Amino acid sequence: MRTFIALLAVFLLVAAPLVGTVGAQQSPTPTATPTADNTSNASDDGELTLEELQRNGARQANSPDGVRMGKERAYWAVYWPASNPFAEPGSDEGSKNLAPGTTIGRNAIYLRTWTFEDRDHKVKVAYWEKGTKTVRQGNTTTEEPVARNVSVATHEVTFERGRPTVKIPLRQNDETTQVTMWIEGEDYARWTFAHKSIATTQSADINSQGDYLASVVTDFLLIIIVGGFAAGWAIKRALETAGIGPQYGYAPWLIVLSIGTGLGALVLYESVANLVVNAPIILALYVVGVFAIILLETYETNVSKALFTRLTLSYTDSPTGDEAWDIVDAESQVEKIVRTPDGSVQVVKPGLFPFLARVFGKAAKIENVEELRTRVPMQGQFDEWFLTDPEADEILHYSPEGWRVNLPELSREHAMQYALVGGGVCLSAWALLSGTITGPVWPLATAVLTVAGLAVWALEPVDGVAAVNPAPAHLRTAYGTMARFEEDVDDAKHFDELKEKLDEQRIDKQRDIDREVKDHERTVFEKLLDRDEKVPASVASDADEGDGERLNGHRGDDDE
């Protein structure tokens, strides 16, 4: 078994970088897509030098970031962070001044100024990459930095009277691209920044309702249907072994999923958007996961709710006047138990890791379940009732099932396992850190498979412990007898009172029997002598009752 686990772990560790590398190679290479604007033109690499493109506009001391001085007025560049999906670009709220080194995620940047009349300007935006070229000097060659792939777009804009906010479109750049922007005729109105379009700005290959429906079916509906049935089958098999799910209930899951999704969308919006856009299957799997959680928290197998009770006893007077025990208090504990086909009883408590341990066949079984002879079936809120020993230290001793690290012994016998697992981890780490695996999806898939492989190899489920110190077997009978006597004799404190009440009950019972017998005999005799029923049936009833009372009185005397 341990060898199989090691082989499975090695398979996952080796498969992780392979899956990531193949997936990254098959992913389409992002390209820069120009964005249409009012006017644009392109220039070759020789028109703008790297020094010119890197030159930023001067600004006055203590002025905010993004502010540049023109000939007659100040201009400042602002942007709305792509990490805020609820922002309203171009409005008066939520903007940030453009600081040096900022990377813009949206496909637009904005310019503001103060003006008393409408003014027309040309704003130029240059996209470029920093590269090198080889320069030969005599017998030696050196590498000098240059600007590569320079492309310049020109935008004609109008600053309307007042405090306008003018939008400057940026082209689609799926990889980080250096950008230099300046206002023509304003020497110091220059800004340099980086631009990488957020994934949600990518164009979708949807030109009709048919394309939209086909995309919905292939990207979401098909995966949700197949994944839903697969999740249902897996949950059914898991509950057959575990009996019940994590037992958190709907509310905690709803809160965790809502907070996690909300924080992920707000704090890591760009990363999440990039991941979802490039792998829409993640949204479908998210829906399947929520469906699986609902199934886990809804269904259960062979689960009972048991009430464990420990009585607190104290000295009191017995019916004979001697010292005896009385129940003065009781302590109870409610637990869910699972009865398996092999006759064992498991205590199940809430928790994700105990649930996973039960799925793999480990559980907290009640070791002395055959000694629990004080079990009483119940109807209502609880299914079973167990009486525990009044002198027990605790009602139920419980240690949960779970997981532990169980590495193979570091010896020559297991040296190959350590070598293969270590090699798989190093291979995954190298693939991630070297940039061999790129993109938003494949590095995550590689990391998940690597962690899964290590977990399979290093962790193992362990049994829990559950034990009950049962009450003596006759305690249930004694409790029932006590309850019956309490109903019959009410508040009798001593044996004399108990005897007197029992005698009265026996006499009353005998009187009822004699009356029934006499009525039956009289009825039969009257039918024999008076077939036409001319004589009333109860002529001598009073006399008969008097005789019966005298008879019962004599019997009572005889009993005494």
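Keep in mind the model is a prediction, meaning the values are calculated, not measured.

### Let's talk about the overall build of the chain
Within the chain, the regular secondary structure consists of 12 helices and 20 strands. Here the chain, with 560 residues, has 33% of them falling under the buried criterion.

### Some words on the packing of helix α4 (residues 250–267) against helix α6 (residues 281–298)
Here α4 crosses α6 at 160°, and the two axes come no closer than 10 Å. The angle between α4 and α6 places the two elements in the roughly antiparallel class. In terms of crossing hand, the pair formed by α4 and α6 is right-handed. Facing α4, whose interface residues are Y250, W253, L257 and T261, α6 presents Y286, V290, I293, I294, E297 and T298. Grouping the constituent residues of the contact of α4 with α6 by class yields 7 nonpolar, 2 polar and 1 charged.

### Regarding the side chain of R68
Following the sequence through the fold, R68 ends up in strand β1 (residues 67–69). For R68, which is buried and forms no salt bridge, the nearest opposite charge comes from D65, at a distance of 6.7 Å. A distance of 3.1 Å separates a polar atom in the side chain of R68 from the backbone oxygen of G57. Those residues in contact with R68 that sit more than four places away from it in its chain are N56, G57, A58, R59, R73, A74, Y75, Y188, A189, R190 and W191.

### Let's talk about the sheet that holds strand β9 (residues 177–183)
Strand order in the open sheet formed by 5 strands is β4-β10-β9-β6-β7, and the pairing between neighbours is mixed. The strands lining the two open edges of the sheet, one partner per strand, are β4 (103–104) and β7 (140–159). Pairing of strand β6 (residues 119–137) with β9 involves 6 bridges; the strand directions are antiparallel. The residue of β9 that forms the bridge with K124 is W182.

### A few points about the environment of I395
Relative to the helices and strands, I395 is located in the loop between β16 (384–388) and β17 (397–399). What makes I395 buried here is its relative accessible area of 3%. Sequence separation between I395 and Q333 is 62 residues; the distance between their C-alpha atoms is 7.2 Å. In this structure, I395 is in contact with F308, R310, E331, S332, Q333, T388 and V468, ignoring residues within four places of it in sequence.

### Some points on the pattern of salt bridges
Any two side chains of opposite charge can pair, so long as their charged atoms come close to each other. Taken as a whole, this structure holds 10 salt bridges when the rule is applied. A salt bridge links K236 to E240, with the nearest nitrogen and oxygen atoms 2.8 Å apart. Here K236 pairs with E240, and both are found in helix α3 (residues 209–242), just 4 residues apart, close to one helical turn. Residue class for K236 comes out exposed when judged on its relative accessible area of 51%. The closest approach of N and O atoms between E240 and R237, which form a salt bridge, is 3.8 Å. With E240 and R237 both in helix α3 and 3 residues apart, the pair spans about one turn of that helix. Where salt bridges share partners, they join K236, R237 and E240 into one cluster.

### A short note on the side chain of Q247
Tracing the sequence through the fold places Q247 in the loop between α3 and α4. A distance of 3.3 Å separates the side chain of Q247 from the backbone oxygen of K349, its partner in a polar contact. Setting aside anything within four residues of it in sequence, one finds Q247 in contact with E297, K336, V348, K349, P350 and R358.

### Some remarks on the pairing of strand β2 (residues 74–79)
With 5 of its 6 residues buried, β2 lies for the most part within the structure. Relative to β2, β1 is paired through 3 bridges, and the arrangement is antiparallel. Residue pairing in the sheet places V67 in a bridge with W76 of β2. Counted between consecutive antiparallel strands, the loop separating β1 from β2 contains 4 residues. Bridging between β2 and strand β5 (residues 108–113) involves 4 bridges; their strand directions are antiparallel. In the strand pairing of β5, Y75 is matched with T113.

### A word on the environment of L275
Relative to the assigned elements, L275 resides in helix α5 (residues 269–278). Its relative accessible area of 17% is what places L275 among the buried residues. The spacing of L275 and A199 is 76 residues in sequence and 8.2 Å in space, taken between C-alpha atoms.

### Focus on the nonpolar core
Counting residues in each nonpolar core, the largest one holds 22 residues, and the members touching the most others are L98, I109, L111, I168, M181, W191 and F193. For this core, the secondary-structure elements that each account for two or more residues are β2, β5, β6, β7, β8 (165–169), β9 and β10 (190–195). Those residues in contact with M181, other than ones at most four positions away along the chain, are A77, I109, L111, V123, K124, V125, I168, A189, R190, W191 and F193.

What counts and what doesn't
- Residues numbered from 1 in each chain as written.
- Predicted model: local features only at pLDDT ≥ 70, side-chain atom pairs only at ≥ 80, totals over all residues.
- Heavy atoms only, no water.
- Helix = DSSP H or I, 4+ residues; strand = E, 2+ residues; numbered from the N terminus.
- Buried < 20%, exposed > 50% of the residue type's maximum accessible area, 1.4 Å probe, protein only.
- Axes fitted to C-alpha atoms, helices over the stretch in contact; angles between N-to-C directions.
- Parallel < 35°, antiparallel > 145°, perpendicular 65-115°, else oblique.
- Left-handed = near helix turned anticlockwise from the far one by under 90°.
- Contact = heavy atoms within 4.5 Å.
- Nonpolar A, V, L, I, M, F, W, Y, C, P; charged D, E, K, R; others polar.
- Lys, Arg positive; Asp, Glu negative; His and termini not counted.
- Salt bridge = Lys/Arg side-chain N within 4 Å of Asp/Glu carboxyl O.
- Polar contact = N/O pair within 3.5 Å; in protein donor to acceptor, adjacent residues only side chain to side chain.
- Pairing = 2+ DSSP bridges.
- Core = buried A, V, L, I, M, F, W, Y, C linked by side-chain atoms within 4.5 Å.

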